[in-house]
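# Geometric and topological summary
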2 protein chains.
Amino acid sequence: MYERFWRQMGDKTTITIPGWQSMSYLSDGSNICWFLEAEFATEVVRLHKVVGNAVTEGRHIVVGTGSSQLILAALYALSSPDAAQPISVVSAVPYYSSYPSMADYQKSGLYQWAGDAENFDKEGPYIELVTSPNNPDGYRRKSMVNRSQGLLIHDLAYYWPQYTPISSPSDHDLTLFTASKTTGHAGMRIGWALVKDKEVAKKMTKFIELNTIGVSKDSQLRAAKVLKAVSESCEEENHKNVESFFKYSYNLMAQRWKQLREVVDAGDMFTIPQFSPAFCTFFGKETEPQPAFVWLKCEGDVEDCETFLRGHKIITRSGTQFGASPKYVRISMLDTDETFIQFIERLSAIQELE
Amino acid sequence: MYERFWRQMGDKTTITIPGWQSMSYLSDGSNICWFLEAEFATEVVRLHKVVGNAVTEGRHIVVGTGSSQLILAALYALSSPDAAQPISVVSAVPYYSSYPSMADYQKSGLYQWAGDAENFDKEGPYIELVTSPNNPDGYRRKSMVNRSQGLLIHDLAYYWPQYTPISSPSDHDLTLFTASKTTGHAGMRIGWALVKDKEVAKKMTKFIELNTIGVSKDSQLRAAKVLKAVSESCEEENHKNVESFFKYSYNLMAQRWKQLREVVDAGDMFTIPQFSPAFCTFFGKETEPQPAFVWLKCEGDVEDCETFLRGHKIITRSGTQFGASPKYVRISMLDTDETFIQFIERLSAIQELE
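The rules we used
- Residues numbered from 1 in each chain as written.
- Chains lettered and ligands numbered in written order.
- Predicted model: local features only at pLDDT ≥ 70, side-chain atom pairs only at ≥ 80, totals over all residues.
- Heavy atoms only, no water.
- UniProt positions renumbered as here; feature names shortened; annotations may be inferred.
- Helix = DSSP H or I, 4+ residues; strand = E, 2+ residues; numbered from the N terminus.
- Rg over C-alpha atoms; globule rule 2.2 N^0.38 Å.
- Buried < 20%, exposed > 50% of the residue type's maximum accessible area, 1.4 Å probe, protein only.
- Least-squares fit on C-alpha atoms with pLDDT ≥ 70 in both.
- Contact = heavy atoms within 4.5 Å.
- Disulfide = S-S within 2.5 Å.
- Pairing = 2+ DSSP bridges.
- Axes fitted to C-alpha atoms, helices over the stretch in contact; angles between N-to-C directions.

As named in an unreviewed UniProt entry, chain A is Tryptophan aminotransferase-related protein 2 isoform X3, taken from Vigna radiata var. radiata. Quoted verbatim from the Sequence similarities (unreviewed entry) heading of the UniProt record, the comment on chain A is "Belongs to the alliinase family."

Written out as structure tokens, the structure reads:
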């Protein structure tokens, strides 16, 4: 979806890597995260400052092969190898559909998926994944369990101004971001963690060392260039005739959500979440949440929304995969223009049939 | 160490990636390994054909974030989630020092490190890691356990003509290679597996999906370019005035091993492995094994070779980390010229002291 913006930028984010460059495993032996490219770290700090969505002071940056690897690294870092039993991993329903399998696919003795955070009542330590804005439903979230002995991982992949009003810089112990949701560059496989505790940062680094001996330098260098271009587009917006990346993508999302709401409101087959506008410190005005996914509910008799929509050639992911009712499905709002238009047309056709 | 070669190649392996390119997670939805870049796969097949070190026909290629990720993916794919207990993972001493921690750091219920393959006598299924030529000692290896119910992972990272004579194309069920050892590009974090069984390839792909949702496209594209340049350097050697990458690196290794043997033979403090020359189908003549590491033994009274050498400012990895005696250490033969010369000088100075 963001491809057009990057085409408009022309050569600005083109990266050229000679054959002899960045051949070593090592980036900076003096850094806790020894495979972190300095250029990339600089641009992460700069972008968070420009956007105002995260405190970076007093944080260690750990780079990962996408934020998936960082979630696993965080589970590893927050669990204890000496514990009598695996630590419980929870997240409130509806949760990101990959969390259960990510936590359990290795049958790890360190941590174990324990389901919905709202129904979690086991004594002792636990890890809660707090995704805000939430994937799949787009709502802002805080920790649900809220007990002592809770270790929190804040997955803020969607805490960017095109998706949600930026209220204040996030300031948690362990926060995850990813290039794929920030700028659309999923193929780079670059995420980053902001980590307060030095020992946790060390253990996360150790995980990535054992898992993949570091993170592609090529992609780190490319990500640095892309994040830099985003920061510059914001800084130049005021005094040059430039549209910032976030303004561009905010407008694109606004347009898509408007189209979607019109189609949904035209009948009574479907409902989608309602959000309240709020002041966005980045845009300096009230903005509307416009999530990267729509959490669509089939109203009335349709019990299995995924199957129903598949019958109308709309491919979705069932609510059951998110720990929720099959009356819900998740649909991406970030697909290509062509696919999005097709989705809107097909949804509209269903409404007209009824 | 190979940096100079790649500098000589000039722009030939320089890669340019525009900001809008390869943004998606997906590479080829019809391939089992849906995140595998077609260009990279083509160059892998081509290089193995040119070198003659692996059969690629009837194999599925699975790309990984270095071969580390592929080892974990293979352990996952070869183990069974329904087994009553974790499958044993073994490798013959001296084994690659990271195998035990890679197998055990997640405390997985799927697989578990069970130590030296030569002493392994447990009934039932097991996974054996066969590293050939072996890291750390450079010897060619076959499976040691050799029982039914054995599942083999062949780690052939060093089965390239600069390190060992190529006797015939390897033809195993599951074989791993990595760019870092082939061409020296460790920072790319690109490895590949050649997998005979479709279901194993599927499970390995699933592992990488859950672990990192694919592999950096930037690095895959860069790796394609680098492997292509290597193949072309071999093909052009005969009719143009070109030195192939393998001839260049073979000569470099030969020179280093010659220097090392001279220093070692000048005294009786140390011994190193002796190898027999063999016919190399790639070079069309007899060549000597010249491993990427030297497995050095302190003779005489020195019991802890690592500590002893550290006292003389030579940093090594102790034999104990490889399941072997502390009289042994592993030292890289692939370091920069400067570091290698320093190592030779310091080793020589020790011999003179005695």
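## A word on the overall build of chain A
A tally of regular secondary structure across chain A gives 10 helices and 14 strands. Expected size for 354 residues packed as a compact globule is a radius of gyration near 20 Å; at 21 Å, chain A falls within 12% of this value. When its C-alpha atoms are laid out on the principal axes, chain A stretches across 65 × 60 × 40 Å. Expressed as a percentage of the 354 residues in chain A, the buried residues total 59%.

## Quick look at the relation of the copies chain B and chain A
Note on the copies: chain B fits chain A at an RMSD of 0.0 Å, the axial shift is 0.0 Å, and the rotation between them is 180 degrees. On this basis, the relationship between the two copies can be described by a two-fold rotation axis. Of the interface residues in chain B, 100% have counterparts in chain A that sit at the interface too, so the contact is made through matching surfaces.

## Focus: the environment of G64 of chain B
Residues and elements named next belong to chain B. Among the secondary structure elements, G64 is positioned in strand β2 (residues 60-65). When the C-alpha positions of G64 and L36 are compared, they lie 9.0 Å apart, and in sequence the two are 28 residues distant. Leave out the neighbours within four places in its chain, and G64 touches Q69, L70, R189, I190, G191, I208 and V215.

## A closer look at the state of the cysteines
Taken as a whole and assessed by the stated rule, the structure comprises 2 disulfides over all chains. The partner cysteine of C298 of chain A in its disulfide is C305 of chain A, sulfur to sulfur 2.4 Å. What sets the handedness of the C298 of chain A and C305 of chain A disulfide is the S-S torsion sign, and at about 60 degrees it is right-handed. For C305 of chain A, a relative accessible area of 0% puts it in the buried group. In this structure C234 of chain B is a free cysteine whose sulfur lies 11 Å from that of C280 of chain B, the closest cysteine sulfur available. Of the residues examined, C234 of chain B reaches a relative accessible area of 9% and is grouped as buried.

## Points about the sheet that holds strand β3 (residues 87-91) of chain A
Residues and elements named next belong to chain A. With mixed pairing, the 7 strands of this open sheet are ordered in space as β2-β8-β7-β6-β5-β3-β4. The sheet is open, and its two borders are formed by β2 (60-65) and β4 (111-116), each paired with just one other strand. In this sheet, adjacent strand axes meet at a mean angle of 25 degrees when their direction is disregarded. Strand direction decides the pairing type here: strand β5 (residues 126-131) and strand β6 (residues 150-155), joined by 6 bridges, are parallel. For Y126, the partnering residue across the bridge sits in β6 and is G150. Set on the sheet, helix α2 (residues 38-51) makes contact with β2, β7 (174-178) and β8 (190-195); between it and β8 the angle comes to about 70 degrees. Lying over the sheet, helix α6 (residues 198-212) contacts β2, β7 and β8, oriented at roughly 20 degrees with respect to β2.

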